Amino acid sequence: DAGVIQSPRHEVTEMGQEVTLRCKPISGHDYLFWYRQTMMRGLELLIYFNNNVPIDDSGMPEDRFSAKMPNASFSTLKIQPSEPRDSAVYFCASSLGGLAGGGQFFGPGTRLTVL
Amino acid sequence: RKEVEQDPGPFNVPEGATVAFNCTYSNSASQSFFWYRQDCRKEPKLLMSVYSSGNEDGRFTAQLNRASQYISLLIRDSKLSDSATYLCVVPRRRGSTLGRLYFGRGTQLTVWP
């Protein structure tokens with residue numbers, strides 16, 4: 001299995017631009033998670049989906065952030081407009097059956113820099 | 001109180017040493033726990049799950065103390081390749097389904113020759 005796939009791996013953009021991060025979970029997994037990691041705040045859960053339905057988006061920092069999962073094999077995280085404080089590594093992870101399946105499998109991450 | 005708190009480290013130990021990390025959690029209803037490993041500039045990867053009093057996998061032992069609400073990770077006979085950041089993870093359930101996952105800030109380990 002190819003594992004969780006994320007694109008792009010690196011993104012450099014200017015403040016005010018729209019940024020779209022993409023994720024393909026492991027085939028068959030029914031949970032998908034978006035995380036953000038910074039030195040200051042560590043790893044934070046932004047939102048997660050179960051069977052393509054958003055379950056908990058309380059970690060989404062503000063309205064500039066939105067996430068969608070149109071089908072079982074694809075999800076996007078969009079930031080519009082982007083700000084320098086959004087600079088971080090964004091990870092997508094997937095799992096099967098929630099806790100019953102054990103831990104989560106993370107993608108390689110997207111390193112976002114907003115200038 | 002934070003959901004998960006870890007020894008901040010860093011821990012610097014020689015090869016062959018035994019090292020232990022602790023993690024405390026605030027939600028007494030948590031039933032299962034995880035240790036993840038994260039190498040520099042890489043994604044976190046599951047190291048061990050802890051569902052009851054503890055779990056052992058080769059040189060790694062995870063122990064759970066529910067009364068005191070802490071989890072520990074013991075690494076015996078440390079290898080250079082064990083150098084990484086170790087993240088303690090505590091889930092919170094929403095009824096019968098998975099809730100949020102709370103990650104500790106991580107404990108950095110460096111094993112030197």
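Just so you know, these numbers come straight off a predicted model, no measurement behind them.

Our focus in this paragraph is the overall build of chain B. Looking only at helices and strands, chain B features 0 helices and 11 strands. Counting from the amino terminus, chain B carries its helices and strands in the arrangement β-β-β-β-β-β-β-β-β-β-β. Against the 2.2 N^0.38 benchmark of 13 Å for 113 residues, chain B shows a C-alpha radius of gyration of 14 Å, consistent with a compact globule. Expressed along its principal axes, the backbone C-alpha trace of chain B runs to roughly 50 × 30 × 25 Å. A burial count over chain B gives 45% of its 113 residues as buried. For chain B, restricting intrachain contacts to residue pairs at least 6 apart in sequence, the fraction spanning at least 24 positions comes to 54%. As displayed, chain B offers around 5,700 Å² of accessible surface, 47% of which is attributable to carbon and sulfur atoms. When the 15 basic and 10 acidic side-chain charges of chain B are each reduced to a single mean position, those positions are 9 Å apart.

For the rest of this paragraph, the subject is the side chain of A:Gln104. With respect to the secondary-structure elements, A:Gln104 resides in the loop between β9 (88–95) and β10 (105–106). The contact partners of A:Gln104, leaving out residues within four places of it in the chain, are A:Phe33, A:Tyr35, A:Ala93, A:Ser94, A:Ser95, B:Tyr36 and B:Leu101.

Right, let's get into the interface of chain B and chain A. The figure often quoted for interface size is the accessible area lost as the parts come together. Contact residues are listed per partner, giving 20 residues for chain B and 25 residues for chain A. Buried surface at the junction of chain B and chain A, summed over both partners, amounts to about 1,900 Å²; 54% is from carbon and sulfur atoms. Applying the counting criterion to the chain B and chain A interface returns 0 salt bridges. Where chain B packs against chain A, one counts 4 residue pairs in polar contact (both at pLDDT 80 or more). Every element with two or more residues in the side of chain B that touches chain A is listed here: β4 (33–38), β5 (44–50) and β10 (101–103) of chain B. Of the residues assigned to the side of chain B that touches chain A, the class counts are 9 nonpolar, 4 polar and 7 charged.

Bringing the state of the cysteines into the picture now. Overall, the coordinates contain 2 disulfides over all chains when judged by the stated rule. One disulfide bridge connects A:Cys23 with A:Cys92, the sulfur atoms lying 1.9 Å from each other. Because the torsion about its S-S bond is -65 degrees, the bridge between A:Cys23 and A:Cys92 counts as left-handed. Taken together, the positions of A:Cys23 in strand β3 (residues 19–24) and A:Cys92 in strand β9 put the pair 69 residues apart, joining distant regions of the chain. An identical accessibility class is assigned to A:Cys23 and A:Cys92; each is buried. There is a disulfide in this structure between B:Cys23 and B:Cys88, and the S-S distance comes to 2.0 Å. Looking down the S-S bond of the B:Cys23 and B:Cys88 bridge, the torsion is -75 degrees, so its handedness is left-handed. In this pair, B:Cys23 is assigned in strand β3 (residues 19–25) and B:Cys88 in strand β9 (residues 84–91), connecting sequence segments 65 residues apart. Using a relative accessible area of 0% as the deciding quantity, one classes B:Cys88 as buried.

With that out of the way, let us pick up the sheet that holds β3(A). Residues and elements named next belong to chain A. Read across the open sheet, the 4 strands follow the order β1-β3-β8-β7; overall the sheet is antiparallel. Because the sheet does not close on itself, it has two edges, and the strands there are β1 (5–7) and β7 (65–71). When strand polarity is set aside, the average angle formed by the axes of neighbouring strands in this sheet is 15 degrees. Where β7 and strand β8 (residues 74–79) come together, 5 bridges link them in antiparallel fashion.

Tallying each qualifying case throughout the model produces 12 salt bridges over all chains. One network of salt bridges, with partners in common, ties together A:Glu62, A:Arg64, A:Glu83, A:Arg85 and A:Asp86.

Turning to the nonpolar core, a few remarks are in order. Judged by nonpolar contacts, the single largest core of 23 residues is most densely connected at B:Phe21, B:Trp35, B:Ile71, B:Leu73, B:Ile75, B:Tyr86 and B:Leu109. Taken together, the elements giving at least two residues each to this core come down to β3, β4, β5, β7 (60–65), β8 (70–75), β9 and β11 (107–112) of chain B. Ignoring anything within four residues of it in the chain, the contact list for B:Tyr86 reads B:Gln6, B:Phe21, B:Trp35, B:Tyr36, B:Arg37, B:Leu47, B:Phe60, B:Leu73, B:Ile75, B:Gly106, B:Thr107 and B:Leu109. The next biggest cluster of nonpolar side chains, apart from the first, holds 21 residues, and it includes A:Leu46, A:Met60, A:Leu112 and A:Val114.

Cut-offs applied
- Think of each chain on its own: its residues are numbered from 1, step by step along the sequence as written.
- Chains carry letters and ligands carry numbers; both start at the beginning, A for chains and 1 for ligands, and go up in the order they are written.
- For this predicted model, a pLDDT threshold of at least 70 governs which residues receive local features, and a threshold of 80 or more governs which side-chain atom pairs are given and counted, while totals over whole chains, interfaces and linings are taken from all residues.
- Values shown for side chains rest on all heavy atoms present in the structure; no hydrogens or waters enter the calculation.
- Under the DSSP-based scheme used, a helix requires at least four consecutive residues in state H or I and a strand at least two consecutive residues in state E, with every element numbered from the N terminus.
- The globule rule used for comparison is 2.2 Å times the number of residues to the exponent 0.38, while the radius of gyration itself is calculated over C-alpha atoms.
- Only protein chains enter the accessibility calculation, which uses a 1.4 Å probe; a residue is then buried when its area is under 20% of its type maximum, exposed when over 50%, and partly exposed in between.
- Contacts are residue-level and defined by heavy atoms, with any inter-residue pair within 4.5 Å sufficient.
- In short, Shrake-Rupley with a 1.4 Å probe defines the accessible areas, and a residue's cover is counted only from the protein chains shown.
- Under the convention used here, Asp and Glu are negative, Lys and Arg are positive, and both His and the chain ends fall outside the count.
- Every charge is mapped to an atom, namely NZ of Lys, CZ of Arg, CG of Asp or CD of Glu.
- Two parts placed together each lose some accessible area under a 1.4 Å probe, and the buried area is that loss summed for both.
- For salt bridges, the criterion is a side-chain nitrogen of Lys or Arg within 4 Å of an Asp or Glu carboxyl oxygen.
- Under the rule applied, a polar contact is a pair of N or O atoms within 3.5 Å (in protein, one hydrogen donor and one hydrogen acceptor; residues adjacent in sequence only if both atoms are side-chain atoms).
- Residue polarity is assigned by list, with Asp, Glu, Lys and Arg as charged and Ala, Val, Leu, Ile, Met, Phe, Trp, Tyr, Cys and Pro as nonpolar; anything else, Gly included, falls into the polar class.
- Disulfide assignment relies on a single distance test, namely cysteine sulfur atoms paired within 2.5 Å.
- Strands are treated as partners if at least two bridges between them are detected by DSSP.
- In this analysis an axis means a line fitted to C-alpha atoms, helices contributing only their contacting stretch, and an angle means the value between N-to-C directions, from 0 to 180 degrees.
- Each nonpolar core is a collection of buried residues, namely Ala, Val, Leu, Ile, Met, Phe, Trp, Tyr and Cys, held together in the definition by side-chain atoms within 4.5 Å.

Purely geometric numbers; function is a separate question.
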